[in-house]
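Examining the three-dimensional arrangement
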Amino acid sequence: MEPHGGRALSIHSSKIHEFVNLQRQLFSAFSQGYPQANDFTSLLNFPRSGAVVVDGQRWNFTQHGLGLRFVREHPVPQWSWICMINLEIASKSIGGD
């Protein structure tokens, strides 16, 4: 038997990588769709809500604290798939200012 349930750990690790990749895709789609939104500290010039499309899936977003809350609209998920991104951190890790 592998320590820490080796196979279970790799399954969880792949889901984490999938989630991080989704966050990158959402942030990239948002940046391309809303290029004027560049105040990553206070979000003063960010839309309060909107939508982006990633891999044919429509994601609605709303401002939430110092980030955006993304909820997949279409196709309707079988379970809730919500992605929250702290934009100040995301912009720095993906190459923003």
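Residues numbered from 1 in each chain as written. Predicted model: local features only at pLDDT ≥ 70, side-chain atom pairs only at ≥ 80, totals over all residues. Heavy atoms only, no water.

1. Description of the overall build of the chain
Broken down by element type, the chain carries two helices and four strands. The contacts in the chain between residues at least 6 apart in sequence include a share of 31% that link residues at least 24 apart. Approximately 6600 Å² of the chain is accessible, and the part contributed by carbon and sulfur atoms is 55%. (Helix = DSSP H or I, 4+ residues; strand = E, 2+ residues; numbered from the N terminus. Contact = heavy atoms within 4.5 Å. Areas by Shrake-Rupley, 256 points an atom, 1.4 Å probe, with all protein chains shown as cover.)

2. Describing the nonpolar core
Core analysis: the biggest nonpolar cluster contains 16 residues, and Leu26, Phe30, Val52, Trp59, Phe61 and Phe70 have the highest contact counts within it. Only helix 1 (6–33), strand 1 (49–54), strand 2 (57–64) and strand 3 (67–74) provide two or more residues apiece to this core. Here this core takes five residues from helix 1, the largest share from any one element. (Core = buried A, V, L, I, M, F, W, Y, C linked by side-chain atoms within 4.5 Å. Buried < 20%, exposed > 50% of the residue type's maximum accessible area, 1.4 Å probe, protein only.)

3. Looking at the confidence of the model for the chain
Per-residue confidence for the chain gives a mean pLDDT of 80, with 67% of residues at or over 70. Ranking the elements of the chain by mean pLDDT puts helix 2 (residues 87–94) last with 60 and strand 1 first with 96. (pLDDT = per-residue confidence, 0-100.)

4. What to know about the packing of aromatic side chains
Applying the stated rule across the entire model yields seven aromatic pairs. An angle of 25 degrees between the planes, with centres 5.1 Å apart, marks the rings of Phe30 and Tyr34 as stacked. Between the aromatic rings of Phe40 and Phe46, the centroid separation amounts to 5.7 Å while the plane-to-plane angle is 75 degrees, which identifies the pairing as edge-to-face. For Phe40, a relative accessible area of 17% gives the class buried. Taking the relative accessible area as the measure of exposure, Phe46 reaches 6% and is therefore buried. (Phe/Tyr/Trp six-rings, centres within 6.5 Å; stacked < 30°, edge-to-face > 60°.)

5. Concerning unusual backbone geometry
Excluding glycine, residues mostly have negative phi values, and the peptide bonds linking residues are mostly trans. Non-glycine residue Leu43 carries a positive phi angle of around 60 degrees. Positionally, Leu43 belongs in the loop between helix 1 and strand 1. Even without being glycine, Asp55 reaches a positive phi, approximately 50 degrees. Inspection of the secondary structure puts Asp55 in the loop between strand 1 and strand 2. Accessibility expressed as a relative area gives 65% for Asp55, which makes it exposed.

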